[in-house]
Amino acid sequence: MSAVVLAQLDAILARATDLISKAPDAEGVEQCDIGLLGRKNGELTAILKTLSSLDEESRKTVGARANQVKNEIEVMINARRREFAALTGAGAIDISEPVLPRPEYGALHPITEVRQNLETFFRGKGFLVLDGPELESEFYNFEALNIPADHPARDMQDTFYIKDHPTLLMRTHTSGMQVRALQMYGAPLAAVVPGRCFRNEATDVRHEHTFYQFEGFVVGENVTLAHLKGTLEAAAQHLYGPQTHVRLRPKFYPFVEPGMNGEVTCVICAGQGCKLCKGTGWLEIFGCGMIHPEVLKAAKLDPKKVSGFAFGLGLTRIAMLKYGVGDVREFNAGDLNFLQQ
Ligand code: DAH
């Protein structure tokens, strides 16, 4: 007898599973509930009512199984109830709602892209990435870099001075962070300093009063010009590809000795000579050299014990070359037509 009832229970569970899963709506789920578990005519209820006619032993086994089946059916019904409630209740997704136009995504500014690219490269080589003040002291911007008050370089790097604060100015280059950083961290030190710089310029397609530089320096024992060349060549190849070469030619900068102009193989003609490189095959993109002993002294280091190299890349110039921008003023104009290209 009990075997027959157990088989009936299994059959009910199988059918219930099928019916509940196929219920088309909330109303259908309630029909299942009444049809299976309803007090008066529910299928399972009917079986539970027959339990009293079984002997004690069978009552135990069949009763336990019947309760189990009842629980399972209840769980399934409640799950489907929640499903349909989510479709219509608060927080429901309204599939008839009109689709909004695609949100407008921003993009990184071309100079930010170049800056981040170089930061990643130098971080990978063990350099610190440092930030510095745009409003700089005359000492760090000039004095500490071996550019005294009467030095002609101050004319070439004329900038914006701050009224009533004769020792403050808008920095003309990020090189001012050399001495600041060496005072802060001491030697050995390898760091790069990206940042915004300012000069009092009459603006045209090649000159801007606000532009971006990327300074770098390494100070320690036995740091040589070979390290400088290797570092710059690796950076240039990272930017422009493995076929890129670096050429260094003497140039005067007060804060390096020897000082050099750094050029890379022309990105357009690969060294053949074209309009961009004025037929030379080379593009000038940085200044560099071995840090001047006076600069090391300003940082309270002993030039007999440590040496260092420094370089300054024009981030704005690199972005111009990379994206073929003909007018430097585009970068700061905030013109969306330019920025969205
Ligand atoms: N600060 C220089 C400038 O603004 C660029 C520069 C030249 C940086 C030589 C250096 C360097 O570190 O060694 O024109």
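The following refers to the structure shown. The structure displayed is predicted, hence computed values, not measured ones.

A word on the site of the ligand
Right, so step 1: Neighbouring the ligand are 16 residues, the closest being His 173, Ser 175, Arg 199, Gln 213 and Glu 215.
Right, so step 2: Between Arg 199 and the ligand, the recorded distance is 2.8 Å, taken from a side-chain N or O atom to an oxygen atom.
Right, so step 3: Between the ligand and Ala 310, the relevant distance is 3.3 Å, taken from an oxygen atom to a main-chain nitrogen or oxygen of the residue.
Right, so step 4: Relative to its free-state accessible area of 350 Å², the ligand is covered by the protein chains to the extent of 92%.

What about the sheet that holds strand 8 (residues 256-265)?
Right, so step 1: With respect to topology, seven strands assemble into an open sheet ordered 1-5-6-10-9-8-7, the strand pairing being mixed. The open sheet is flanked by strand 1 (128-129) and strand 7 (246-250), the only strands paired with a single partner.
Right, so step 2: With five bridges connecting them, strand 7 and strand 8 associate as antiparallel partners. Counterpart to Pro 250 in the pairing with strand 8 is Met 260.
Right, so step 3: Each of strand 1, strand 5 (189-198), strand 6 (210-220) and strand 10 (307-314) is contacted by helix 5 (residues 110-124), which is oriented at about 5° to strand 6, the strand it contacts most.

Observations concerning the packing of aromatic side chains
Right, so step 1: Summed over the entire model, instances satisfying the criterion amount to eight aromatic pairs.
Right, so step 2: When the ring of Phe 139 is compared with that of Tyr 140, the centres are 5.0 Å apart and the planes differ by 75°; the resulting orientation is edge-to-face.
Right, so step 3: Taking relative accessible area as the criterion, Phe 139 reaches 35% and is therefore assigned partly exposed.
Right, so step 4: A relative accessible area of 15% places Tyr 140 in the buried class.
Right, so step 5: Here the aromatic residues Phe 121, Phe 122, Phe 127, Phe 214, Phe 309 and Phe 311 are joined through ring pairs into a cluster of three or more.

A closer look at the sheet that holds strand 2 (residues 135-137)
Right, so step 1: Read from one edge of the open sheet, three strands run 2-4-3, paired in antiparallel fashion. Each edge of the sheet is formed by a strand with only one pairing partner; in this case those strands are strand 2 and strand 3 (161-162).
Right, so step 2: Sheet analysis places strand 2 next to strand 4 (residues 165-170), joined by three bridges and oriented antiparallel. Looking at the pairing, Ser 137 lines up with Leu 168 of strand 4.

Some points on the state of the cysteines
Right, so step 1: This structure, assessed with the given rule, holds zero disulfides.
Right, so step 2: Looking at the unpaired Cys 288, the closest cysteine sulfur is the one in Cys 197, lying at 17 Å.

As for the pairing of strand 4
Right, so step 1: Where strand 3 meets strand 4, two bridges bridge the pair, whose relative direction is antiparallel. Pairing of Tyr 161 across the sheet is with Leu 169, part of strand 4.
Right, so step 2: Following strand 3, the chain reverses through two residues before pairing antiparallel with strand 4; Asp 164 in that reversal takes a positive phi of roughly 70°.

Remarks on the pattern of salt bridges
Right, so step 1: As enumerated under the stated definition, the model contains 16 salt bridges in all.
Right, so step 2: A salt bridge links Glu 136 to Arg 180; its shortest N-O distance comes to 2.8 Å. In this pair, Glu 136 sits in strand 2 while Arg 180 sits in helix 8 (residues 177-185), placing the two residues 44 residues apart along the sequence.
Right, so step 3: Residue classification places Glu 136 among the buried positions, given a relative accessible area of 2%.

Procedures and definitions
- Residues numbered from 1 in each chain as written.
- Predicted model: local features only at pLDDT ≥ 70, side-chain atom pairs only at ≥ 80, totals over all residues.
- Heavy atoms only, no water.
- Near = heavy atom within 4 Å.
- Polar contact = N/O pair within 3.5 Å; in protein donor to acceptor, adjacent residues only side chain to side chain.
- Areas by Shrake-Rupley, 256 points an atom, 1.4 Å probe, with all protein chains shown as cover.
- Pairing = 2+ DSSP bridges.
- Helix = DSSP H or I, 4+ residues; strand = E, 2+ residues; numbered from the N terminus.
- Contact = heavy atoms within 4.5 Å.
- Axes fitted to C-alpha atoms, helices over the stretch in contact; angles between N-to-C directions.
- Phe/Tyr/Trp six-rings, centres within 6.5 Å; stacked < 30°, edge-to-face > 60°.
- Buried < 20%, exposed > 50% of the residue type's maximum accessible area, 1.4 Å probe, protein only.
- Disulfide = S-S within 2.5 Å.
- Salt bridge = Lys/Arg side-chain N within 4 Å of Asp/Glu carboxyl O.

Worth remembering: the numbers are spatial, not functional.
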